[in-house]
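What the coordinates show
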Amino acid sequence: MSKPRVLLCIDAGNTLVKWCVHRNASLPLLAVAQQWSKPTAEFKLVDLPDQVDAVLLSNVLGPEFEESLRKQCVDRKTDLHVLKVNANSQLQSAYDNPAQLGKDRWAACLAVAQASNAPVNLVVSFGTATTLDALVKKGDAWQHLGGFIVPGVQTMLSSLHNNTAELPKVDFNTLEVGHFEWPGNTQQAIAAGVGRMQVAWVQSLVDELKCTHGQPPAVWFSGGFAAQMQSLYPAAQLLEHAVFKGLVFDYQMQHRGAP
């Protein structure tokens, strides 16, 4: 019996480059035992572990990063699988130019397509930007309707601090933003205000999808601030490691069909 193929998943994002190892390519990625990350500006291409059979890449850093990784894979005689939009018939995007759709957004949509039993879904990722994408089931396939991009939690916090004279820098992670209605100090006012603006965008799209499709969507939160946002919007489901899960699912679909 041949050994399972080992996959190295890389999520090259605007703020961080993250990676993990999935040790059985024939199985879905349900959990990540360990992941690593470095600030994007400091990242040097990771030395590929000897046992890796293929590298899976979600890349929003441009062609130079991809080409550098490709050269390293060639030197190591390791396959490189680069995530591309509309590469699989099971999920198609209605984007005017699919190549312009962020690969991290696409990976999250793939992860939801694998996990969801709901016909209408809203996929929200809280990163440097907050992205909101609609995903609906049509027959046996999924359709990505499109999505929105707005300033992310940290981007909003930094903008208030950097562009005002006295508003403090707020650490969103240290405040329980879901546990007060009328903030009693400036830090709480900023954190709760930013948090509520984020979930207001979510609710506006939930209402629109419900009106259009006759039922409320399943809402999925991913990204660095997903847990805090869920405290403000408890109906959402957490989708941890969404990009890694989408990468593995895409690889499986292209190599042996959907699991």
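Note on numbering: residues in each chain are counted from 1, in written sequence order. Reporting in this predicted model follows two pLDDT cut-offs: at least 70 for local features of residues, and 80 or more for side-chain atom pairs to be given and counted; totals over whole chains, interfaces and linings ignore these cut-offs and use all residues. No hydrogens and no water enter the side-chain calculation; it runs on all heavy atoms of the structure.

**Observations regarding the overall build of the chain**
Only runs of H or I of at least four residues qualify as helices and only runs of E of at least two qualify as strands under DSSP, and these elements are numbered from the N terminus. When its secondary structure is counted, the chain shows six helices and 11 strands. Dimensions of the chain, computed from C-alpha atoms along their principal axes, come out at roughly 65 × 45 × 35 Å. Contacts were defined at the residue level, with two residues in contact if any of their heavy atoms lie within 4.5 Å. Of the contacts made within the chain by residues no fewer than 6 positions apart, 57% connect residues no fewer than 24 positions apart. Charge counting treats Lys and Arg as positive and Asp and Glu as negative, with His and both chain ends excluded. Each charge is placed at NZ for Lys, CZ for Arg, CG for Asp and CD for Glu. Looking at the chain, you have 20 positive and 22 negative side-chain charges, and the mean spots of the two groups are 6 Å apart.

**Considerations on the pattern of salt bridges**
A carboxyl oxygen of Asp or Glu within 4 Å of a side-chain nitrogen of Lys or Arg is what we treat as a salt bridge. Counted under the stated rule, the structure contains four salt bridges. For Lys 18, the salt bridge goes to Asp 11, with nearest N and O atoms at 3.8 Å.

**So, the side chain of Thr 78**
Inspection of the secondary structure assignment puts Thr 78 in the loop between α1 (63-76) and β5 (79-82). Summary of the burial criterion: residues with accessible area below 20% of their type's maximum are buried, those above 50% are exposed, and those between are partly exposed, where the area comes from a 1.4 Å probe applied to protein chains only. With relative accessibility at 13%, the residue Thr 78 sits in the buried group. Apart from the residues within four sequence positions on either side, Thr 78 is in contact with Leu 48, Val 52, Asp 53, Ala 54, Val 55 and Cys 73.

**Digging into unusual backbone geometry**
Here the phi dihedral of Lys 77 falls at roughly 55°; this positive angle occurs in a residue that is not glycine. Topologically, Lys 77 is positioned in the loop between α1 and β5.

**Some words on the packing of aromatic side chains**
Here the aromatic set is Phe, Tyr and Trp, taking the six-membered ring for Trp, and pairing holds for ring centres within 6.5 Å; pairs whose planes are under 30 degrees apart are stacked, those over 60 apart are edge-to-face, and all others are tilted. Summed over all chains, the structure comprises four aromatic pairs. Plain terms: the ring middles of Phe 43 and Phe 65 are 5.9 Å apart, the flat faces sit at 40° to each other, and that makes the pair tilted. With a gap of 22 residues between them, Phe 43 in the loop between β3 (35-39) and β4 (54-59) and Phe 65 in helix α1 connect regions that are remote in the sequence. When the ring of Phe 221 is compared with that of Tyr 233, the centres are 6.0 Å apart and the planes differ by 40°; the resulting orientation is tilted. Placement of the pair is Phe 221 in strand β10 (residues 218-223) and Tyr 233 in the loop between α5 (226-232) and β11 (237-238), with a sequence separation of 12 residues. Judged by relative accessible area, which is 1%, Phe 221 ranks as buried. Each member of the aromatic cluster is reached from another via a ring pair, and the members are Trp 19, Phe 43 and Phe 65.

**Comments concerning the sheet that holds β5**
Should DSSP find at least two bridges between two strands, the strands are taken to pair. Reading across the sheet, the five strands line up as β3-β2-β1-β4-β5 and stay open at both edges, with mixed pairing between neighbours. Two strands lie at the open edges of the sheet, namely β3 and β5, each paired on one side alone. Neighbour to neighbour, the strand axes of the sheet diverge by 20° on average, direction disregarded. Here six bridges tie strand β1 (residues 7-12) to strand β2 (residues 16-22), and the two strands are oriented antiparallel to one another. For Asp 11, the partnering residue across the bridge sits in β2 and is Lys 18. The convention used is that axes are lines fitted to C-alpha atoms, helices contributing only their stretch in contact, and that angles between N-to-C directions extend from 0 to 180 degrees.

**Things to note about the pairing of β5**
Alignment of β4 against β5, held across four bridges, turns out to be parallel. Its bridge partner being in β5, Ala 54 is matched across the sheet by Asp 79. Looking down the strands as they point away from the viewer, one classifies a crossover as right-handed if the path from the first strand across the helix to the second runs clockwise. Considered for its hand, the β-α-β crossover made up of β4, α1 and β5 is right-handed.

**Observations regarding helix α4 (residues 186-213)**
Expected helix span is computed as 1.5 Å times (number of residues minus one). Helix length check: α4 (28 residues) gives 40 Å between terminal C-alpha atoms against 40 Å at 1.5 Å per residue, within 8%. At its buried positions, α4 is contacted by β7 (120-126), β8 (129-138), β9 (141-151), α3 (153-162), β10 and α5. Where α4 begins, the side chain of Asn 185 points an oxygen toward the backbone nitrogen of Gln 187, at a separation of 3.2 Å. Trailing α4 by a residue or two, Gly 214 shows a phi angle of about 80°, which is positive. Two N or O atoms form a polar contact when they lie within 3.5 Å of each other; inside protein one atom must be a possible hydrogen donor and the other a possible acceptor, and for residues adjacent in sequence the pair counts only when both atoms belong to side chains.

**Looking at the sheet that holds β9**
Read from one edge to the other, the open sheet built from six strands follows the order β6-β9-β8-β7-β10-β11, with strand pairing classed as mixed. Edge positions in the open sheet fall to β6 (91-93) and β11, since each of these has one partner strand only. In this sheet, β9 lies alongside β8 in antiparallel orientation, the contact comprising 10 bridges. For Leu 135, the partnering residue across the bridge sits in β9 and is His 144.

**Topic: the side chain of His 22**
Mapping His 22 onto the fold places it in strand β2. A polar contact of 2.9 Å, which involves the side chain of His 22, links it to the backbone oxygen of Leu 27. Leave out the neighbours within four places in its chain, and His 22 touches Arg 5, Val 6, Leu 7, Leu 27, Pro 28, Leu 29 and Val 248.

**Topic: α3**
Inspection of α3 places Val 153, Met 156 and Leu 157 among the buried residues, and these make up the whole buried set. Around the axis of α3, the buried residues are gathered within 100° of arc, so they sit on the same side. The directions considered for the arc are those from the helix axis to the C-beta atoms.

**Observations regarding the environment of Lys 169**
With respect to the helices, strands and loops of the structure, Lys 169 is situated in the loop between α3 and α4. Placed 12 residues apart in sequence, Lys 169 and Leu 157 show a C-alpha to C-alpha distance of 7.1 Å.

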